[in-house]
Amino acid sequence: MLFLASNPRASYPMMDFINDMKKGGLYILGHVIIGSFEEANADLHEQFRTWLDFIDCTKLKAFVELTIAESVQMGARSLMMNSGLGGMKPNTIMLGFYDDSIPKDTHNAVKTALRRTNPLIRHCIDRNSDVKIEHVIDSFPALRDNAIDQIVMPLEYVGIIKDAILMQKNVCVLRNFSLLDKFQLRDGTIDVWPLYKIDLNESGADLTGTLLLQLACILHMVHEWKGSTVLRIIVLEKEGEKEKEESRVKRLLHDLRITAHVVVLDLHSEVKWCTCAIAWPYIMQMISEGSGHVTSDSCTDSFLDLEVQRRRNRLMLEHSREARVIFTALPAPPHDDHSCMQYLSAMSTLSANLPSMVLVHGVERVVTTSF
């Protein structure tokens, strides 16, 4: 996994979450230094040492990659193309959420979390140590305090997602992770909301759906999460098909050796207040007359409909309010650059006022073994 990090002052909760989710895989923290090579090169080595000190103090099992570029998108391209160790290249790109809100400084949360989770952290705060966690965090720039100082433009941000997909890399967008408290996981859930039916047939797996299951399953296998949360797969189905769909999903989970609760919501009762029951692409597939699959473009077109996302958001608010993390699907960005703001607005509407959320777009077939 490659996490494109801006500033650890605000990004640490996401870094720590990805550290759990990556399990034993490769984890890289990538950061772009904006400027010309001649001007920024002198600062590169100092920043690299600061990042290494941060990794050392936080005990994140990650490597650091820094690059210099004239824009964030160009730097992100370089990181996505060149990061890795030999033949080990990250196949999943992790991004923080894009909006104009003022980022929250998690400076104190970092220190509190580290002291509660790792008694060895005292070597970082010992008065005789040259490297103190307070000093390390303070070495990073102050967070912006207004929307004008946003260094990434909307078109750039959506362009990074497009570039990642073009390079055949999965994409995960993380939002609301400042709300996540790993010491308050008990009695919570990890909820998976597929965009459409997950299928592993030979003609072509639902790449995003299977990736959703894999990521949620890996997270639930981590000790802190497994002992405190319940993994749930939430699907919608028509009244007469609910038992059949529940049986199908349970059989799929059994074959994949994933332990999870299956929640089947009644399609008609859940969308009876909708003016159009086919608003959600998942619903479109279930009532379509034969194709069995929704095209990528149809998913993207429906995703851009803000009323659709308001309805999905209301469903999740009702059924996943107690979730600690929600995984759901993210369609590919529209081909038209003029729709990038609409795409970001749809993402914002879908995830508004919800718990920590991971929006996932899969492009690679997930390797699975079954009975």
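Residues numbered from 1 in each chain as written. Predicted model: local features only at pLDDT ≥ 70, side-chain atom pairs only at ≥ 80, totals over all residues. Heavy atoms only, no water.

### Side note on the overall build of the chain
No. 1: A count of helices and strands for the chain gives 15 helices and 10 strands.
No. 2: Within the span of the chain, comprising 371 residues, buried residues form 54% of the whole.
No. 3: At a minimum sequence separation of 6, the contacts of the chain that also span at least 24 residues come to 81%.
No. 4: Here the chain has roughly 17800 Å² of accessible surface; of this, 51% comes from carbon and sulfur atoms. (Helix = DSSP H or I, 4+ residues; strand = E, 2+ residues; numbered from the N terminus. Buried < 20%, exposed > 50% of the residue type's maximum accessible area, 1.4 Å probe, protein only. Contact = heavy atoms within 4.5 Å. Areas by Shrake-Rupley, 256 points an atom, 1.4 Å probe, with all protein chains shown as cover.)

### Digging into the pairing of strand β3 (residues 63-69)
No. 1: With respect to burial, β3 is a largely interior element, five of its seven residues being buried.
No. 2: Regarding topology, helix α2 (residues 37-58) serves as the crossover connection from strand β2 (residues 28-34) to the parallel β3, and that connection is right-handed. (Right-handed = clockwise from strand over helix to strand, strands pointing away.)

### Here we look at the pattern of salt bridges
No. 1: One pass over the full model with this rule turns up 10 salt bridges.
No. 2: A salt bridge links Asp20 to Lys182; the shortest N-O distance between them is 2.7 Å. Highlighted residues: Asp20 in helix α1 (residues 8-21) and Lys182 in the loop between β5 (170-175) and β6 (188-193), separated in sequence by 162 residues.
No. 3: We classify Asp20 as buried; its relative accessible area is 9%.
No. 4: Notably, a salt bridge pairs Glu307 with Arg311, separated by 3.3 Å at the nearest N-O pair. Here Glu307 and its partner Arg311 are both found in helix α14 (residues 306-319), four residues apart, which amounts to about one turn of the helix.
No. 5: Within the structure, one salt-bridge network assembled from shared partners comprises Asp16, Asp20 and Lys182. (Salt bridge = Lys/Arg side-chain N within 4 Å of Asp/Glu carboxyl O.)

### Description of the confidence of the model for the chain
Low-pLDDT stretches of the model should not have their predicted coordinates read in fine detail.
No. 1: Considering every residue of the chain, the mean pLDDT works out to 82; 81% of them sit at 70 or more.
No. 2: Note that pLDDT drops below 50 for residues 125-131; the model gives that stretch 12 contacts with residues more than four away or on any other chain.
No. 3: Below a pLDDT of 50 lies the segment residues 272-294, which in the model reaches 47 contacts outside its immediate sequence neighbourhood of four places, other chains included. (pLDDT = per-residue confidence, 0-100.)

### Side note on the sheet that holds strand β7 (residues 229-237)
Sheets are built from strands paired through backbone hydrogen bonds, the pairs being either parallel or antiparallel.
No. 1: Taken in spatial order, the 10 strands line up as β3-β2-β1-β4-β5-β10-β9-β6-β7-β8 in an open sheet, and their pairing is mixed. Edge positions in the sheet fall to β3 and β8 (261-266), since each of these pairs with one other strand and no more. Neighbour-to-neighbour, the strand axes of the sheet open up by a mean angle of 25°, direction not taken into account.
No. 2: Alignment of strand β4 (residues 92-96) against β5, held across five bridges, turns out to be parallel. When the bridges of β5 are listed, Leu95 appears paired with Val173. (Pairing = 2+ DSSP bridges. Axes fitted to C-alpha atoms, helices over the stretch in contact; angles between N-to-C directions.)

### Brief notes about α1
No. 1: The terminal C-alpha atoms of α1, which comprises 14 residues, lie 18 Å apart, in line with the 20 Å expected from a rise of 1.5 Å per residue.
No. 2: Roughly 30° is the biggest bend found in α1, and it falls at Met14.
No. 3: Burial within α1 is extensive, with 13 of its 14 residues counted as buried.
No. 4: For α1, the capping residue at the N-terminal end is Asn7, with a side-chain oxygen 2.9 Å from the backbone nitrogen of Arg9.
No. 5: Within two residues after α1, Lys23 carries a phi angle of roughly 55°, on the positive side. (Expected span 1.5 Å × (residues − 1). Bend = angle between axes of the 7 residues up to and from the residue. Polar contact = N/O pair within 3.5 Å; in protein donor to acceptor, adjacent residues only side chain to side chain.)

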